[in-house]
Amino acid sequence: MEAAAGERATALAESGVKRGDRRMAERRLLLDTCCGPCAMVARECLDAGGRTVHYLFYNPNVHPYREYRMRLEAFETLMRDAGAEYTVLAYEPEEWLRAVAYREESRCEFCYRLRLRRAADFALEEGMEALSTTLFASPYQDHELLQLLGSSVARSRGLEFVVWDGREVYREVLMLARDRGMYTQPYCGCLFSERERYDRTLRERMKDGGGR
Ligand code: SF4
């Protein structure tokens with residue numbers, strides 16, 4: 001039932017129509033979700049305070065499109081297997097490019113903000129009461145910055161922002177994801193992070209200056 005709602009949402013979102021399943025109303029937490037493996041970590045570690053978790057896939061940062069599709073497929077397979085509520089919004093790489101243009105050195109901040117704002121707006125539109133993100137699963141993300149931005153974005157919309165930490169189990173869950181044949185991505189998402197994957201000098205520089 002929920003999976004069908006998710007599939008319907010995907011079709012609508014991908015045809016450019018913003019979706020909404022009006023059944024999702026009170027006592028729900030919107031979880032901004034970057035990928036299947038991190039959603040698995042959240043299922044282990046996130047305390048939603050008794051709320052139903054609704055997973056939102058909005059990842060305009062992921063390049064190229066083939067990589068985006070692989071992450072989306074892994075996410076949707078997990079959601080269907082788990083019988084979870086979820087929504088997929090349209091792929092909007094142009095939004096990400098506009099958000100980080102001329103700010104490449106501090107791009108992660110603008111990338112986080114873009115995704116958290118979109119997720120918070122969605123949560124508000126759907127009458128949910130809390131917001132969080134699977135970015136808290138990863139040891140490669142800036143948890144302090146996420147907490148700061150997430151709290152501010154949520155507060156401005158009257159939502160509670162739920163902070164959690166999946167770093168201790170991240171690698172273990174990643175192994176489990178691989179064991180079950182789930183796609184696990186080799187880089188954070190954007191074209192810069194894909195380049196860092198291969199360019200060691202750049203990777204070292206970004207570690208000091210910014211970028212995941
Ligand atoms: S490295 Fe990751 S968090 Fe940073 S801008 Fe790229 S996709 Fe976004």
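Procedures and definitions
- Residues numbered from 1 in each chain as written.
- Predicted model: local features only at pLDDT ≥ 70, side-chain atom pairs only at ≥ 80, totals over all residues.
- Helix = DSSP H or I, 4+ residues; strand = E, 2+ residues; numbered from the N terminus.
- Expected span 1.5 Å × (residues − 1).
- Buried ≥ 20, exposed ≤ 12 C-beta atoms within 10 Å, placed from the backbone.
- Arc of directions from axis to C-beta.
- Pairing = 2+ DSSP bridges.
- Right-handed = clockwise from strand over helix to strand, strands pointing away.
- Near = placed C-beta within 6 Å.
- Nonpolar A, V, L, I, M, F, W, Y, C, P; charged D, E, K, R; others polar.
- Axes fitted to C-alpha atoms, helices over the stretch in contact; angles between N-to-C directions.
- Left-handed = near helix turned anticlockwise from the far one by under 90°.
- Contact = placed C-beta atoms within 7 Å.

Another point: the environment of E160. Considering the arrangement of structural elements, one finds E160 in strand β5 (residues 160–161). Residues E160 and L131, 29 residues apart in the sequence, show an inter-C-alpha distance of 6.1 Å.

Because an α-helix completes one turn every 3.6 residues, residues spaced three or four positions apart along the sequence face the same direction. The terminal C-alpha atoms of helix α3 (residues 65–82), which comprises 18 residues, lie 26 Å apart, in line with the 26 Å expected from a rise of 1.5 Å per residue. Every buried residue of α3 is listed here: R71, L72, A74, F75, L78 and M79. Looking down the long axis of α3, one finds its buried residues gathered within 160 degrees of arc, a one-sided arrangement. What points out from α3, more than 90 degrees from its buried face, is the exposed set Y65, R66 and D81. G83 lies just past α3 and shows a positive phi near 65 degrees.

Here we take up the pairing of strand β2 (residues 52–57). When you tally the buried positions in β2, you get five out of six residues, the bulk of the element. Sheet topology note: the strand β1 (residues 28–32)/β2 ladder contains five bridges and is parallel. In the strand pairing of β2, L29 is matched with V53. Regarding topology, helix α2 (residues 36–45) serves as the crossover connection from β1 to the parallel β2, and that connection is right-handed. Sheet analysis places β2 next to strand β3 (residues 85–88), joined by four bridges and oriented parallel.

Before going further, it helps to spend a moment on the site of the ligand. Surveying the vicinity of the ligand reveals 11 residues, the closest of which are C108, C111, C188, G189 and C190. Only α5 (107–125) and α8 (191–198) provide two or more residues apiece to the shell around the ligand. Of all the elements, α5 adds the most residues to the shell around the ligand, at three residues. Residue composition of the shell around the ligand, grouped by class: five nonpolar, four polar and two charged.

Let us look at α8. Listed as buried for α8 are F192, S193 and E196. What you see down the axis of α8 is that its buried residues fit within an arc of 95 degrees, all on one side.

Consecutive residues of a regular strand have side chains that alternate between opposite faces of the sheet. Relative to strand β4 (residues 130–133), β1 is paired through four bridges, and the arrangement is parallel. Its bridge partner being in β4, D32 is matched across the sheet by T133. As paired strands, β4 and β5 are joined by two bridges and run parallel to one another. By the bridge assignment for β5, L131 is matched with F161. As for the winding sense of the linkage, the β-α-β connection from β4 through helix α6 (residues 143–155) to β5 is right-handed.

A separate point is the packing of α5 against α6. It is at 10 Å that the axes of α5 and α6 come closest, and there the two elements cross at 35 degrees. The handedness of the crossing between α5 and α6 is right-handed. Side by side, α5 and α6 meet where E109, Y112, R113, L116, R117 and A120 of the first sit next to L145, L146, L149, G150, V153 and A154 of the second. For the contact of α5 with α6, the per-class residue count stands at eight nonpolar, one polar and three charged.

Pairing between the strands of a sheet is mediated by backbone hydrogen bonds and can be parallel or antiparallel. Pairing is parallel in the open sheet, where five strands are placed in the order β3-β2-β1-β4-β5. At either margin of the open sheet sits one strand with a lone partner, and together these are β3 and β5.

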